[in-house]
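# Understanding the architecture of this molecule
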Amino acid sequence: MDVSMTLWVLTILGLCALIAVDFFIGRKPHDVSIKEAGIWTVVWIVLAVLFGIGVTIWGSAQSGGEFFAGFITEKSLSVDNLFVFILIMAKFSVPTHLQQRVLLFGVLIALVLRAIFIAAGAAIISSFSWVFYLFGAFLIYTAWKLIKEALADEEEEDFEENRVLKSIEKKFGVADRYHGTKLFIQQHGKKVMTPLLVVMLAIGMTDVLFAMDSIPAIFGLTQDPYIVFTANAFALMGLRQLYFLIGGLLKKLVHLSYGLSVILGFIGVKLILHALHESGVHVPEISIPVSLAVICGVLVITTITSLIASKKQAEREAAEGAQKDSIEA
């Protein structure tokens, strides 16, 4: 897709305007209701669909398909991020009325850092086509790792701060409690960070770690930097509302890791086939319609099987609870 500098500027300005509107609406700290989260989740998805339709009309059907495949992939991978976000919120005991502010700035930090990642990835790909082999191998390894963790049934119970975050806290100091929406305060004559800023940095840095697999994944669907960036932007910008909407339902998506591993493995194979094709080897390439069908199909099947498994688990626990009560009686 041929994108002019003018279109890039207009797109970035448009995204900044949407972020400003999002900030204006949620500027006052409050507990986000399911209704509010649901409405804004639908709004962000509709905006993404309209943008994808615009890409199809003014670009091409190929570009539109790449955007939708990238958006759906990034959105599904972002849902997995929410598990860690919940752990971070619990780790720092973030008040419920401040969580929407934390997520807004955390996602904004992640968006800026991902833009840098995308620019670097596009530059590397344009200069070294063999990097597709590395991306493909990395995604297949990540897929295998996800399956291994899912089979081991290992659940993370706590969030461990990384060294960068710890060094920032040590250098600037951290207040002993939250001070509303303030990021810095004066304490004992010294300017220190509030826990709110620490949580924002934790959310942003954690999302960058997740970008290590999501960025190669979307480059496996399209090498157009404009589509890669916009798909990431729309997937991230609706993440805050999605957190409040499905936060309680995440535990029911017990097969999500399996679905994501299949998607990452599939895209990894697609990347390697593309790399072989670029190297002159006559191998079949996976088209965008096929990729889109596989991604959507896997997500639908994963969701259905997860809900069925969760329901059976709940029934078993209820039966065991009733049996225990009858024995005690």
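The preceding data block contains the structure.
Described in the following lines is the structure provided in the data block. The shown structure was predicted, so the numbers you read here are calculated from the model rather than taken from an experiment.

## Things to note about the overall build of the protein chain
- In terms of helices and strands, the protein chain carries eleven helices and two strands.
- Overall, the protein chain shows an N-to-C arrangement of helices and strands of α-α-α-α-α-α-β-β-α-α-α-α-α.
- Taking 329 residues into account, the globule formula puts the C-alpha radius of gyration at 20 Å, and the protein chain, at 22 Å, falls close to it.
- Overall size of the protein chain, expressed as C-alpha extent along the three principal axes, is 65 × 60 × 35 Å.
- Expressed as a percentage of the 329 residues in the protein chain, the buried residues total 45%.

## Observations concerning the nonpolar core
- Membership of the largest hydrophobic core comes to 81 residues, with the highest contact counts inside it found for Phe92, Val94, Val102, Val199 and Phe219.
- Ranked by the residues each element gives to this core, the list is headed by helix H7 (residues 195-219), at 15 residues.
- Sequence-distant contacts of Phe219, that is, excluding residues within four places in its chain, are made with Ile118, Gly121, Ala122, Ile125, Phe132, Phe135, Val228 and Leu271.

## Here we look at helix H8 (residues 225-237)
- For H8, which comprises 13 residues, the first-to-last C-alpha distance of 18 Å matches the rise-based estimate of 18 Å (1.5 Å per residue) to within 8%.
- Buried residues dominate H8, accounting for twelve of its 13 residues.
- Residues of H8 that are buried: Tyr226, Ile227, Val228, Phe229, Thr230, Ala231, Asn232, Ala233, Phe234, Ala235, Leu236 and Met237.
- You can read the cap of H8 off the contacts: a side-chain oxygen lies 2.9 Å from the backbone nitrogen of Tyr226, and it is on Asp224.

## Describing the packing of H8 against helix H9 (residues 239-246)
- At a minimum axis separation of 5 Å, H8 and H9 run at an interaxial angle of 40°. With respect to H9, the axis of H8 lies oblique. Between H8 and H9, the contacting residues are Ala235, Leu236 and Met237 on the first element and Leu239, Arg240 and Gln241 on the second.
- Looking at the contact of H8 with H9, its residues break down into four nonpolar, one polar and one charged.

## Structural notes on the packing of helix H4 (residues 99-127) against H9
- Across the interface, H4 lies against H9 with an axial gap of 9 Å and an inter-helix angle of 140°. Viewed along their axes, H4 and H9 adopt a mutual orientation that is oblique. Between H4 and H9 the crossing geometry is right-handed. Only Leu239, Arg240, Tyr243 and Phe244 of H9 make contact with H4, whose side of the interface consists of Gln99, Gln100, Leu103, Leu104 and Val107.
- Split by residue class, the contact of H4 with H9 holds six nonpolar, two polar and one charged.

## Examining the pairing of strand E2 (residues 190-193)
- Here strand E1 (residues 184-187) runs beside E2; their pairing, made up of four bridges, is antiparallel. Counted as the bridge partner of Gln187 is Lys190 from E2.
- Counted between consecutive antiparallel strands, the loop separating E1 from E2 contains two residues, among which His188 sits at a positive phi close to 55°.

## A short note on the packing of aromatic side chains
- Inspection of the entire model under this criterion finds nine aromatic pairs.
- Here Trp8 and Tyr226 contribute two aromatic rings whose centre-to-centre distance is 5.2 Å and whose plane-to-plane angle is 90°, an arrangement assigned as edge-to-face. Placement of the pair is Trp8 in helix H1 (residues 5-25) and Tyr226 in helix H8, with a sequence separation of 218 residues.
- Relative accessible area serves as the criterion here: at 3%, Tyr226 is assigned to the buried category.
- Note on Tyr141 and Trp144: the rings are 6.1 Å apart at their centroids and 35° apart in plane angle, and the pair reads as tilted. In this pair, Tyr141 and Trp144 are both assigned in helix H5 (residues 131-152), three residues apart and thus about one turn of the helix distant.
- The class of Tyr141 is partly exposed, set by a relative accessible area of 44%.
- Residue classification places Trp144 among the partly exposed residues on the basis of a relative accessible area of 48%.
- An aromatic cluster is present here, built from Trp8, Phe51, Phe67, Phe68, Phe71, Tyr226, Phe229 and Phe234 joined pairwise through their rings.
- One Lys or Arg, Lys191, reaches over the ring of Phe184 and ends 5.1 Å from the middle of that ring.

The rules we used
Residues numbered from 1 in each chain as written. Predicted model: local features only at pLDDT ≥ 70, side-chain atom pairs only at ≥ 80, totals over all residues. Heavy atoms only, no water. Helix = DSSP H or I, 4+ residues; strand = E, 2+ residues; numbered from the N terminus. Rg over C-alpha atoms; globule rule 2.2 N^0.38 Å. Buried < 20%, exposed > 50% of the residue type's maximum accessible area, 1.4 Å probe, protein only. Core = buried A, V, L, I, M, F, W, Y, C linked by side-chain atoms within 4.5 Å. Contact = heavy atoms within 4.5 Å. Expected span 1.5 Å × (residues − 1). Polar contact = N/O pair within 3.5 Å; in protein donor to acceptor, adjacent residues only side chain to side chain. Axes fitted to C-alpha atoms, helices over the stretch in contact; angles between N-to-C directions. Parallel < 35°, antiparallel > 145°, perpendicular 65-115°, else oblique. Nonpolar A, V, L, I, M, F, W, Y, C, P; charged D, E, K, R; others polar. Left-handed = near helix turned anticlockwise from the far one by under 90°. Pairing = 2+ DSSP bridges. Phe/Tyr/Trp six-rings, centres within 6.5 Å; stacked < 30°, edge-to-face > 60°. Lys NZ or Arg CZ within 6 Å of the ring centre and 35° of its normal.

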